[in-house]
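This is what each chain is made of:
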Amino acid sequence: MKAKPAAALPKKLMNVSLDGIELDDVSLAKAVIHDATFEGARLDDVSLAKATIHNATFEKAEFDDVEFRKAKINNASFKGAELSDVTFAKCKINNGSFEGAKMDDITFAGATLKNGNLDGMTIEGCSIEGLSIDGVRIDELLKEKRTS
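Now for a quick tour of the structure. (Residues numbered from 1 in each chain as written. Predicted model: local features only at pLDDT ≥ 70, side-chain atom pairs only at ≥ 80, totals over all residues. Heavy atoms only, no water.)

As for the packing of aromatic side chains
Basically, it comes down to this: Aromatic contacts are taken between Phe, Tyr and Trp rings whose centres are within 6.5 Å, Trp giving its six-membered ring; a plane angle under 30 degrees counts as stacked, one over 60 as edge-to-face, and the others as tilted. Note on conventions: DSSP H or I runs of at least 4 residues are helices, E runs of at least 2 residues are strands, and numbering of each starts at the N terminus. Exposed residues in this analysis have more than 50% of their type's maximum accessible area, buried residues have under 20%, and partly exposed residues fall in between, with area computed by a 1.4 Å probe over protein chains only.
All told, the structure shown has 12 aromatic pairs when counted by the stated rule. A centroid spacing of 4.8 Å and a plane angle of 15 degrees characterise the contact between F38 and F58, whose relative ring orientation is stacked. With F38 in the loop between strand 4 (32-37) and strand 5 (42-47) and F58 in the loop between strand 6 (52-57) and strand 7 (62-67), this residue pair connects regions lying 20 residues apart in the sequence. Geometrically, the ring pair formed by F88 and F108 is stacked, given 5.2 Å between the ring centres and 10 degrees between the ring planes. Here the residue F88 occupies a position in the loop between strand 9 (82-87) and strand 10 (92-97), and F108 occupies one in the loop between strand 11 (102-107) and strand 12 (112-114), the gap between them amounting to 20 residues. Both residues of the pair, F88 and F108, count as buried. In this structure an aromatic cluster arises from ring pairing among F38, F58, F63, F68, F78, F88, F98 and F108.

And the structure:
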């Protein structure tokens, strides 16, 4: 039996409030998301791969099995969000806030975060190979710390 493809939403979401929305098995790959709010939303098995996200709020949202691979994210807030099994691999994040976010089983391999807020964020069981924050390789910094 052939697997059912993920449902697709419009590829442009602009000036929209999707607060509290529940998205399950949805593709927003290569979408352009601008001036959008997803506060308190629940995203499960959602692809945002190669999406361009600008001025978006995902505060207190829940993410499970979500892909942001190679996405370009500018001015986005994940404040208080809960993220599990999420990949930000090779993602470019500028002015992103993860303040108070809880992350479990997250991949940041090859990602770059500039001008971000990580205050109070909890990270557990996450891959950070190649992660650079403000030009500092975090994976290498942690490796040094653990061996000293």
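Thoughts on the layout of surface pockets
The condition that has to hold: Only protein atoms enter the 1 Å grid, on which a cavity is a set of points fitting a 1.4 Å probe that cannot get out and a pocket is an open set with protein on both sides within 12 Å along at least 5 of 7 lines, lining residues being those with an atom within 4 Å of a point. Grid points are joined across faces, edges and corners, and a volume is the space filled by probe spheres set on the points. Residues were grouped as follows: Ala, Val, Leu, Ile, Met, Phe, Trp, Tyr, Cys and Pro as nonpolar; Asp, Glu, Lys and Arg as charged; and all remaining residues, including Gly, as polar.
Each pocket or cavity is described by its volume, and for the largest pocket that value is around 240 Å³. Along the walls of the largest pocket sit 14 residues, with M121, I123, I128, L131 and I138 positioned nearest its centre. For the lining of the largest pocket, the element with the highest residue contribution is helix 1 (residues 138-147), accounting for 3 residues. Its residues placed into classes, the lining of the largest pocket shows 12 nonpolar, 1 polar and 1 charged.

Quick look at the pairing of strand 7
The test is simple: Whether two strands pair depends on DSSP finding at least two bridges between them.
Relative to strand 7, strand 5 is paired through 5 bridges, and the arrangement is parallel. Residue pairing in the sheet places R42 in a bridge with E62 of strand 7. Pairing of strand 7 with strand 9, which is carried by 5 bridges, proceeds in the parallel orientation. If you follow E62 over to strand 9, its bridge partner there is E82.

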